[in-house]
Structure formats: C-alpha cells, structure tokens
Amino acid sequence: MTLDEIKAAVDAGQTVHWANIGYVVHKDRLGQYLITYVPNGSCIGLTDREGQRLNGKEAEFFIARSKDSAENPGSQS
C-alpha cells in the first residue's frame, strides 16, 4: 500500500496493519498517523519526520480482513 492508500484507508475507518496483525496504523487526535504495537502500546510514526518516507515497506502494509471473509474464505469483500 502506498502512503496515500494507507491514510485513506485509516480515514475511512478500515483497520490497517503493518507486517503482522500485532501492528496497527491509526490517526491520533493531533492528526498524526502512527504505527502501534498493540501488545505493549509502543508506537512510531507512520513516516519519517518530513512525512515523505514510510517506516516500513509498502508491501508490508495491509487492510484487515473482515470477520465475515475470515469465516468464509471464498467470499470477497
């Protein structure tokens, strides 16, 4: 996913993960996009300080599958 795709998905209320489901991308109340490691609450910015380069590879970001598609792998969401 590109930076713009990640931001759009988060803004649309979709759950975006990085690398595995333990990492969740979210937007804080200041409008900053962050990656949080859910088990311990540690977080880093989604991008470098200039806001241009992702802190991770584009291919490592993905949108969470819905419960329905997880239970019915043949269905498309």
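Residues numbered from 1 in each chain as written. Predicted model: local features only at pLDDT ≥ 70, side-chain atom pairs only at ≥ 80, totals over all residues. Heavy atoms only, no water.

Mind showing me how you'd approach helix α1 (residues 3–11) here?
Side chains three or four residues apart in an α-helix point the same way, a direct result of the helix having 3.6 residues per turn. Burial in α1 covers these residues: Leu3, Ile6, Ala9 and Val10. An end-on view of α1 places all buried positions within 135 degrees of arc, on one side of the element. Residues of α1 that are buried sit in contact with β1 (16–18), β2 (20–27), β3 (33–37) and β5 (61–63). Looking one or two residues beyond α1, the residue adopting positive phi is glycine 13, at roughly 90 degrees. (Buried < 20%, exposed > 50% of the residue type's maximum accessible area, 1.4 Å probe, protein only. Helix = DSSP H or I, 4+ residues; strand = E, 2+ residues; numbered from the N terminus. Arc of directions from axis to C-beta. Contact = heavy atoms within 4.5 Å.)

Sorry, what's going on with unusual backbone geometry here?
Glycine aside, negative phi is the norm for most residues, and most peptide bonds take the trans geometry. Of note, alanine 19 is a non-glycine position whose phi angle comes to about 70 degrees, a positive value. On the secondary structure map, alanine 19 appears in the loop between β1 and β2.

What am I meant to see in the pairing of β2 here?
Remember that side chains alternate between the two faces of the sheet whenever the strand is regular. Note that β1 and β2 share 3 bridges and pair antiparallel. Considered in β2, the bridge of histidine 17 is made with valine 24. Between β1 and β2, which pair antiparallel one after the other, the connecting turn spans 1 residue, and alanine 19 there sits at a positive phi close to 70 degrees. Sheet topology note: the β2/β3 ladder contains 5 bridges and is antiparallel. Looking at β3, one finds that histidine 26 is bridged to leucine 34. Taking the residues that link successive antiparallel strands as the turn, the β2-β3 hairpin has 5 residues, and the phi of glycine 31 there is positive, at about 90 degrees. (Pairing = 2+ DSSP bridges.)

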